[in-house]
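# Structural features, examined
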Amino acid sequence: VSTQSTGTRDDVIRAVITTPSNHILRFRGLDFSKADLRYMDLRHINFSHSKLTGTNFAKSDIYGANFDKADMTGAIFDEAHLAGVSMEGAILDNASMRKCNFEDAKLRPSSLLGAQMKNVNLENSNMAGVNLRVANLRGSCLKNSSLKGACLAGADLEGCDLNGAELYCTNLRGANLTDVNFEDITTALHMTHMT
């Protein structure tokens, strides 16, 4: 795929088929904006620094992939398997990630402003400094996750499990905290920004 044009589903399929299984597939810095990458096996692929705005990854297996500093504004990851992914410094504003598995993900310090993350598994994830302002995380699992210095101002956290989460200097101002499980959090809530 040339850096001048937008990549397609066929480009990805062709690359996956022709790349030996013992090699890491790299799409670093390429443009796959609005590509249809649903239901694909994209494990361990390097998409760092890529433009993936509006790309549809729904129900794909993206385990261990690298999306560091990628622009995924408005991307769709609904029901995708994203365990172990690295999205450090990525832009995921207004992305849809409903019912995803983000277990053990590295998301710091990414921007997920207004992201739709209802019923997402973020257990053991590193989200220090992440911007989740006005994001919908209703019913999500954030057990044992690091949210140190994260911004969740105005976020919908109703029914979230924050058991064992690190909340030092986390901004929860205006967040919906109805039925949130704060059991065994590692930081006293008075040290966070709440009103």
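This report concerns the structure included in the present document. (Residues numbered from 1 in each chain as written. Predicted model: local features only at pLDDT ≥ 70, side-chain atom pairs only at ≥ 80, totals over all residues. Heavy atoms only, no water.)

## Re the overall build of the protein
Along the backbone of the protein there are one helix and zero strands. Taken over the C-alpha atoms alone, the protein extends approximately 55 × 30 × 20 Å along its principal axes. The buried share among the 195 residues of the protein stands at 48%. In the structure as shown, the protein presents an accessible area of about 8,800 Å², 45% of it carried by carbon and sulfur atoms. (Helix = DSSP H or I, 4+ residues; strand = E, 2+ residues; numbered from the N terminus. Buried < 20%, exposed > 50% of the residue type's maximum accessible area, 1.4 Å probe, protein only. Areas by Shrake-Rupley, 256 points an atom, 1.4 Å probe, with all protein chains shown as cover.)

## Looking at the side chain of Ser145
Tracing the chain through its elements places Ser145 in the segment after helix H1 (9-18). On the accessibility criterion, Ser145 (1% relative accessible area) is buried. In this structure the side chain of Ser145 is engaged in a polar contact, spanning 3.3 Å, whose partner is the backbone nitrogen of Ser125. With residues up to four places along the chain from it excluded, the contact list for Ser145 reads Leu122, Glu123, Asn124, Ser125, Met127, Ala165 and Glu166. (Polar contact = N/O pair within 3.5 Å; in protein donor to acceptor, adjacent residues only side chain to side chain. Contact = heavy atoms within 4.5 Å.)

## Description of the nonpolar core
Phe67, Met72, Phe77, Met87, Phe102 and Met117 are the most contacted members of the largest nonpolar core, which totals 57 residues. Sequence-distant contacts of Met72, that is, excluding residues within four places in its chain, are made with Leu52, Thr53, Phe67, Phe77, Met87, Ala90, Ile91, Leu92 and Ala95. (Core = buried A, V, L, I, M, F, W, Y, C linked by side-chain atoms within 4.5 Å.)

## A word on the environment of Asp11
Looking at the secondary structure, you find Asp11 in helix H1. Here the alpha-carbon distance between Asp11 and Phe32, two residues 21 residues apart in the chain, equals 9.6 Å. There is a polar contact of 3.0 Å between the side chain of Asp11 and the backbone nitrogen of Thr8.

## Let's talk about the environment of Asp184
Inspection of the secondary structure puts Asp184 in the segment after H1. Asp184 sits in the exposed class, given a relative accessible area of 54%. With 103 residues separating them in the primary sequence, Asp184 and His81 have C-alpha atoms 27 Å apart. Excluding residues within four positions of it along the chain, Asp184 makes contact with Asn163, Gly164 and Ala165.

## Quick word on the side chain of Asp31
Structurally, Asp31 can be placed in the segment after H1. Of the polar contacts made by the side chain of Asp31, one reaches the side chain of Ser33; its length is 2.7 Å.

## Brief notes about the environment of Lys118
Within the secondary structure, Lys118 is located in the segment after H1. Spatially, the C-alpha atoms of Lys118 and Leu157 are 9.1 Å apart, while their sequence positions differ by 39 residues. Discounting residues that sit within four places of it in the chain, Lys118 has contacts with Arg98, Lys99, Asn136, Arg138 and Ser140.

## Observations regarding the pattern of salt bridges
A side chain with one charge can pair with a side chain of the opposite charge if their charged atoms come near. One pass over the structure, following the stated rule, counts eight salt bridges. The partner of Arg14 in a salt bridge is Asp11, and the shortest N-O contact between them spans 3.2 Å. You can see Arg14 and its partner Asp11 sitting in helix H1, three residues apart, about one turn around the helix. Two residues, Arg38 and Asp36, come together in a salt bridge whose shortest N-O distance is 2.7 Å. The class for Arg38 is partly exposed, based on a relative accessible area of 33%. The class for Asp36 is partly exposed, based on a relative accessible area of 29%. Residues joined in a network through salt bridges with shared partners are Arg9, Asp36 and Arg38. (Salt bridge = Lys/Arg side-chain N within 4 Å of Asp/Glu carboxyl O.)

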